[in-house]
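# Structural description and commentary
Spelled out from the first residue to the last, the chains are:
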Amino acid sequence: MMGSERVAIVGTGQTKHQATNDGSIAGVVRQAAERALEDAQMSWADIDAVVIGKAPDFFEGVMMPELYLADALGAVGKPMFRVHTAGSVGGSTAIVAQDLVAAGIHERVLTVAFEKQSESEAMWALSVSMPFQPPMHAGAGGYFAPHIRSYIRRTGAPDHIGILVALKDRLNALKNPYAHLHEHEITFDSVKESMMLWDPIRYSETCPSSDGACALVITNEKGGDAAASDGRPPAWVKGTALRSEPTMFAGRDQVNPRGGQECAWDVYKQAGIAHPRDEIDCVEMYVPFSWFEPMWLENLHFAGVGEGWKMVESGATQLDGDLPVNMSGGVLSSNPIGASGMLRFAEAAMQVRGQAGEHQVDGVRTALGHAYGGGSQFFAMWIVGAEKP
Amino acid sequence: MRDVAIISFAQTKHQRAVSDINEVEMLMPILGEALDGAGVKKDRVDFVCSGSSDYLAGQPFSFVMSLDAFGPWPPISESHVDMDGAWAVYEAWVKMQAGKADIALVYAYGKSSPGDIRKVLSRQLDPYYLGPLWVDPVSLAALQARVGLEAGAFSAEQMAEVAAASRRNAKANPYAQLSGDAEVAALLSEPEFVAPLRKHDCPPISDGAAVVVLAADGAARELSEHPAWIRGFDHRIEPHALGSRDLTTSVSTKQAAAKAGVGDKPVDLAELHAPFTHQELILRDALGLSDGVSINPSGGALCANPMMTAGLIRMGEAANRVTNGEASRAVAHATSGPCLQQNLVCVLEGE
Amino acid sequence: MSDIQLPERLEGVEPVRSIRTFASLTYQYTPGRAASRFLKEVERKRLVGQRCPVCKKVYVPPRGSCPTDGVATEEEVELGHTGTIVSFCVVNVPFMANLMEIPYVGALIQLDGSDIPIMHLIQEVPYDEVHMGMRVEAVWVPDGEISHTLESIKYFRPNGEPDAPYDSYKENA
């Protein structure tokens, strides 16, 4: 296969994530997009194409909302593209945008992902009863809790691991002005004592429902170089990968899915990474329930099988650890579903660019952005770096 | 740009309601047929992309289970668009241009029969101003037709001629839902349905699915004796509010056609995704197609209109005719949104 | 959005923050051939899975294809009404219009003779005694109420057999 053009992220933007954003759907996506354009020091006219992603249309009650949003996103007269790959959509949307530049089709692409869960009732939207399928008795938590129990059974991880992750992410969120949850009073005990919703998942170990949007401006090498010479260092894309596998099949490993493992090796190989724990400086990973951090640490090859929880316990994933995870507070602190994956990708880029403010990790050269969706079956990842690949 | 070609195409027989099988069962046979047609097993496919709509299926994440029809194991590189499958072809083509895939498979499916399609499609509209009014797509198309008729952009006779030609062409298409001989005069004597549209000006409601296989460079030459090469590919969108648009023409089709280089060389054949008769007239004009161009030899969307799929079918039908030598340069077109809001244009050529 | 400058006559006017549009769409779903066959058997109080001709795994409920091989699962295999709890969770959230008394247990249950677990409720046992490997049996609604839905099984309950060894179900745990 032929090579491709170098790709740079020169602008990121996001809204303040919150339970109910008073803006219209168009207003929310436009605010994130304008912030990304401002960061990139570009105007709407500079953009060649728009790629938009979101989770199910039922969340807002608008079918194919890209049609209605064309005007608000300055896409009139341009190509506008809509992606939907379940929870990983924010990541896969950014990958489509980067592919457009990598392929040399466009020079400057705006990509946006959003969710306004307050526009309809998200629980309703997710629970359209399907008459021929087995009844779902407990929502998303009820779906994932048995997988977490399996992880605990396999590894012998102690109960407090999930609490440590939740506490870390919520404390990190205090350093991120855009995070939905700012729980100043949170403590280990308050997480431990929060209600056990879906045993073994406690209330404080779950993500909130948020309204919010994220946007990126992605350019080719010329654009990346121009930003760099202007004193605005870009994040260079060093690899992107997607993997999907069936929702359920006999013998499927839902704790450590093969799709995630292979997606990670694919993206590491593209970035020339052989030892991810040593060569990656920080990670924004998609952790909607706190126990997914140790699970994904193993799935992404940062820890050996059965060792992820020990890495959490050691403090390695804290903001001052040797592999900080979810410096922004992650999905546990803000979850505008369709945007959540793109936020991981954007926060990884912000770290590489030294733009993360209070939750910046010193000296980040290489970062991983990770998203997953469906029943732990859709994966999207990218590696971004400070140096041009 | 890499050379990328459509090397295989399969589709279901489109019907008003496919009620005995689900989406997986609808897709499985044609996925097999398209892979056989390309002469590859699924393990050679580097990238899979699909197009479908949750609102059509009446179920969030509806595309997730459909993927089981392909059998994505070991894990595959895969993506999905909540758009017509023609845009999924575009995403696959981009992936191939970026050097990340040599063989790609694209599928799309749409069953309109589970819901009331006119009500469902009204959910595409601006949720603050138009959505609450439940305006349906036939009424919007009628509004567009009226504007065109009043402006003298086309006539009722021309619209009826489009319907008659489509049905006549579809007689040779075993997958079409509607076909037959109809006299223009007889069509014009039929009552109006949503004035000024008559029934024959509107598409049938269809359930159906389609699959194409794409291959790049050497892989295309290895697998196909006559690949249908994609020589131009672009899509553009217009404002959503109808009041902001000139409905008698299709600006976004013109833009996409210019970018795709439609006018650079003569065109023999065009498969246009025109769900309404007057829209074919608008599109022919926007694409600058001369009278000698064979339009919709398959019968087009007026003879089978599975949502999210009819655009992909245009690409497959055009590619087939390039592959079999019927055309040396063909245009395939797909549309999305009310009154041709968004349009995609693809130029396909033989060697 | 705060960055919009309102004309003077609109200043101080309470902004419109929300409009409600009630949308009701009715859909008629198609189970498909495989699921129809399965549900017809449920109506007769039988659980019948389907075997993949390629990987030989037995799927229940069948959905039309083997998810890994992408082929139709034609061969029918009658399954027991007993199975093993592969994993579970204790639910403390009142979910939707669920009439369950909380806490209750939702479990992945691998029916004897099948290769994939189904999700169902566990009852007739204190929630804190439920564990992985527990053997359970289906409790059906009264015969007159059985119809073509998996809700014809009210729940599963322990059947008193000794626990299944972890190795016997760990492939799905």
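All values derive from a computational prediction rather than experimental measurement. (Residues numbered from 1 in each chain as written. Chains lettered and ligands numbered in written order. Predicted model: local features only at pLDDT ≥ 70, side-chain atom pairs only at ≥ 80, totals over all residues. Heavy atoms only, no water.)

### Digging into the overall build of chain B
Within chain B, the regular secondary structure consists of twelve helices and twelve strands. The C-alpha radius of gyration computed for chain B amounts to 19 Å, which stays within 12% of the reference 20 Å derived for 351 residues, consistent with globular compactness. Along the first, second and third principal axes, the C-alpha atoms of chain B reach 55 × 45 × 40 Å. Taken over 351 residues, chain B has a buried fraction of 67%. (Helix = DSSP H or I, 4+ residues; strand = E, 2+ residues; numbered from the N terminus. Rg over C-alpha atoms; globule rule 2.2 N^0.38 Å. Buried < 20%, exposed > 50% of the residue type's maximum accessible area, 1.4 Å probe, protein only.)

### With respect to unusual backbone geometry
Geometrically, the link from A:Asp199 to A:Pro200 is a cis peptide bond, its omega value of 15 degrees lying close to zero. Within the secondary structure, A:Pro200 is located in the loop between strand E5 (196-199) and strand E6 (201-202). Of note, the amide linkage connecting B:Trp73 to B:Pro74 takes the cis form, showing an omega dihedral of -5 degrees. For B:Pro74, the position within the fold is in the loop between helix H3 (62-66) and strand E3 (78-81). Even without glycine at this site, B:Phe61 takes up a positive phi of about 60 degrees. If you trace the backbone, B:Phe61 turns up in the loop between helix H2 (54-57) and H3. One non-glycine residue, B:Trp134, lies in positive phi territory at about 55 degrees. In this structure, B:Trp134 sits in the loop between helix H5 (117-122) and helix H6 (137-151).

### Considering the interface of chain A and chain B
Tallying the contact residues gives 59 residues for chain A and 63 residues for chain B. Carbon and sulfur atoms make up 65% of the area that chain A and chain B hide from each other, which totals about 5,300 Å². The salt bridge involving A:Asp99 is made with B:Lys95; its shortest N-O contact spans 2.6 Å. Counting the contacts that link chain A with chain B gives 16 residue pairs in polar contact (both at pLDDT 80 or more). Looking at the side of chain A that touches chain B, the elements that each hand over two or more residues are helix H2 (66-69), strand E3 (80-83), helix H3 (89-102), helix H4 (122-126), strand E8 (235-244) and helix H9 (258-270) of chain A. (Contact = heavy atoms within 4.5 Å. Buried area = accessible area lost by both parts, 1.4 Å probe. Salt bridge = Lys/Arg side-chain N within 4 Å of Asp/Glu carboxyl O. Polar contact = N/O pair within 3.5 Å; in protein donor to acceptor, adjacent residues only side chain to side chain.)

### Focus on the sheet that holds strand E2 (residues 49-53) of chain A
All names here are of chain A. Pairing is mixed across the open sheet formed by nine strands, whose spatial order is E3-E2-E4-E7-E1-E8-E11-E10-E9. Each edge of the sheet is formed by a strand with only one pairing partner; in this case those strands are E3 and strand E9 (282-284). In this sheet, neighbouring strand axes are inclined to one another by 25 degrees on average, regardless of whether the strands run parallel or antiparallel. Two strands pair when backbone bridges link them, and strand E10 (residues 366-373) and strand E11 (residues 378-385) are joined in this way by eight bridges, in the antiparallel orientation. Note that in E11 the partner of His370 across the bridge is Met381. (Pairing = 2+ DSSP bridges. Axes fitted to C-alpha atoms, helices over the stretch in contact; angles between N-to-C directions.)

### Thoughts on the domain arrangement of chain B
All names here are of chain B. Splitting chain B by domain gives domain 1 (4-115 + 205-226) and domain 2 (117-203 + 229-349). If you look at the interface, domain 1 gives 45 residues, while domain 2 gives 37 residues. Note on domain 1 versus domain 2: buried area summed over both sides is about 3,300 Å², and carbon and sulfur give 67% of it. For the pair domain 1 and domain 2, the interface holds zero salt bridges. Looking at the side of domain 1 that touches domain 2, the elements with two or more residues in it are strand E1 (4-11), H2, helix H4 (85-97), strand E4 (103-111), strand E7 (207-216) and helix H9 (217-223). Examining the composition of the side of domain 1 that touches domain 2, we find that seven residues originate from one element, E7, more than from any other. Taken together, the residues of the side of domain 1 that touches domain 2 sort by class into 23 nonpolar, 14 polar and eight charged. (Domains from an automatic or database assignment. Nonpolar A, V, L, I, M, F, W, Y, C, P; charged D, E, K, R; others polar.)

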